[in-house]
2 protein chains.
Amino acid sequence: MSGIEALDVLAEQFARMPGIGRKSAERLALSLLNDSADDVETLVNAITEARARIHRCPVCQNLTDKEICPVCADPGRDHTTLCVVEDPRAVMAFERVRTFRGVYHVLHGLISPMNGVTPDGICLRELLARLADGTVKEVIVATGATTEGEATAMYIGRLLAPLGVQVTRLAHGIPYGGALEYADEITLSRALEGRRNMEERQ
Amino acid sequence: MSGIEALDVLAEQFARMPGIGRKSAERLALSLLNDSADDVETLVNAITEARARIHRCPVCQNLTDKEICPVCADPGRDHTTLCVVEDPRAVMAFERVRTFRGVYHVLHGLISPMNGVTPDGICLRELLARLADGTVKEVIVATGATTEGEATAMYIGRLLAPLGVQVTRLAHGIPYGGALEYADEITLSRALEGRRNMEERQ
């Protein structure tokens with residue numbers, strides 16, 4: 001606490017953000033006070049613009065500033081192969097690899113009873129709705145190799161079993177406990193190549 | 001890069017901040033998109049409020065939202081003992097300790113030829129002006145125990161030598177290379193108690 005109210009209020013806002021502790025929040029707040037008025041305006045505009053323009057793609061739930069996101073709108077992508085991921089950062093990671101030519105479905109979370117996230121709290125309803133017309137032949141469950149990632153994958157496997165669609169899981173090239181967006185490109189590529197049917201795993 | 005322009009622009013703004021890398025910037029940008037509209041408004045208001053209200057105290061150069069900062073305006077403080085610090089975070093650290101009853105002078109930087117910061121680039125002119133009326137009897141140079149902190153202290157020692165004011169330096173209770181704002185309260189207290197005249201050190 002600096003004793004300067006407006007500064008403490010600002011530092012508190014930064015401290016609410018993921019991965020930002022009290023000291024970092026203080027440092028960020030002070031750095032904004034040292035920035036030029038132009039730089040601060042640019043930041044504030046970037047925040048309001050991003051909020052105004054970016055929404056979820058109605059098809060895959062990924063974030064986009066277009067009506068339909070560029071991946072879903074691309075007829076060159078393989079719309080029969082659907083990669084289910086936790087969040088938009090995982091999509092970014094896959095797109096950096098460039099070996100995946102299918103499309104995505106973003107869950108915006110993982111099932112986590114500890115944190116009160118039930119299957120209804122993530123975009124599973126939208127996933128089921130998408131599979132209704134039979135276009136999708138394979139669902140690759142690409143949640144991270146964490147406890148919640150594995151539990152969510154298992155849930156999806158059971159949920160989709162009656163639909164007759166092939167459900168695969170990323171190979172365990174991903175280091176255990178590793179968050180997906182930190183995987184290097186080769187690890188991600190190998191995990192993708194080595195994917196197998198979910199039934200075989202049990 | 002997400003391929004979503006407004007998101008990349010926002011992440012770039014965060015990446016400009018101290019201690020924020022590319023991955024963290026991406027995470028912060030995405031977290032803002034998941035926040036409620038109210039939360040985002042609160043953040044934007046906190047930024048603009050802090051910028052509008054906070055300025056440098058004309059006496060000590062510390063940040064404040066008052067005309068004169070509460071320390072300089074407090075007749076209960078010892079206005080004959082002046083503690084010279086690098087930045088407002090150091091003042092916060094001293095104020096948390098509560099054993100220091102003097103007043104401050106904030107340099108807003110350290111002399112750093114490597115980074116192109118000359119003595120003119122920090123608030124030394126304001127320090128000299130403050131010492132003109134003879135109120136201050138002791139100047140405690142409380143820059144950090146880093147190379148630049150030591151060099152700046154030495155420069156101040158020489159600068160003030162002709163003025164007949166006592167110039168002291170914090171004792172080496174501060175761990176070498178340690179930034180001042182991370183020192184624990186006992187270390188800071190001891191460093192303050194063990195301060196000695198700068199001439200004795202050479």
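Before any of the text, the structure's been laid out above.
Residues numbered from 1 in each chain as written. Chains lettered and ligands numbered in written order. Predicted model: local features only at pLDDT ≥ 70, side-chain atom pairs only at ≥ 80, totals over all residues. Heavy atoms only, no water.

Caption draft 1: A look at the nonpolar core. Core analysis: the largest hydrophobic core is formed by 46 residues, its most contacted members being A:Phe14, A:Ile47, B:Leu10, B:Phe14 and B:Ile47. Those elements giving two or more residues to this core turn out to be helix H1 (5-15), helix H2 (22-34) and helix H3 (37-53) of chain A together with helix H1 (5-15), helix H2 (22-34) and helix H3 (37-53) of chain B. (Core = buried A, V, L, I, M, F, W, Y, C linked by side-chain atoms within 4.5 Å. Buried < 20%, exposed > 50% of the residue type's maximum accessible area, 1.4 Å probe, protein only. Helix = DSSP H or I, 4+ residues; strand = E, 2+ residues; numbered from the N terminus.)

Caption draft 2: Molecular detail of the interface of chain A and chain B. Each side of the interface is counted separately: chain A has 51 residues, and chain B has 51 residues. Surface buried jointly by chain A and chain B totals about 4,800 Å² across both partners, of which 69% is contributed by carbon and sulfur atoms. In this structure, B:Asp39 engages A:Arg16 in a salt bridge whose closest nitrogen and oxygen atoms are separated by 3.8 Å. Residue assignment for the side of chain A that touches chain B shows that the elements contributing at least two residues are H1, H2, H3, strand E2 (63-64) and helix H5 (88-97) of chain A. By residue number, the principal contributor to the side of chain A that touches chain B is H3(A), which donates 13 residues. When grouped by side-chain class, the residues that make up the side of chain A that touches chain B number 26 nonpolar, nine polar and 16 charged. (Contact = heavy atoms within 4.5 Å. Buried area = accessible area lost by both parts, 1.4 Å probe. Salt bridge = Lys/Arg side-chain N within 4 Å of Asp/Glu carboxyl O. Nonpolar A, V, L, I, M, F, W, Y, C, P; charged D, E, K, R; others polar.)

Caption draft 3: Seen up close, the environment of A:Tyr104. Residue and element names in this part refer to chain A. Structurally, Tyr104 can be placed in strand E4 (residues 102-106). Separated by 17 residues in the primary sequence, Tyr104 and Gly121 have C-alpha atoms spaced 18 Å apart. Tyr104 has contacts with Cys60, Val71, Arg77, Leu82, Cys83, Val91, Phe94, Glu95 and Arg130, leaving out every residue within four places of it along the chain.

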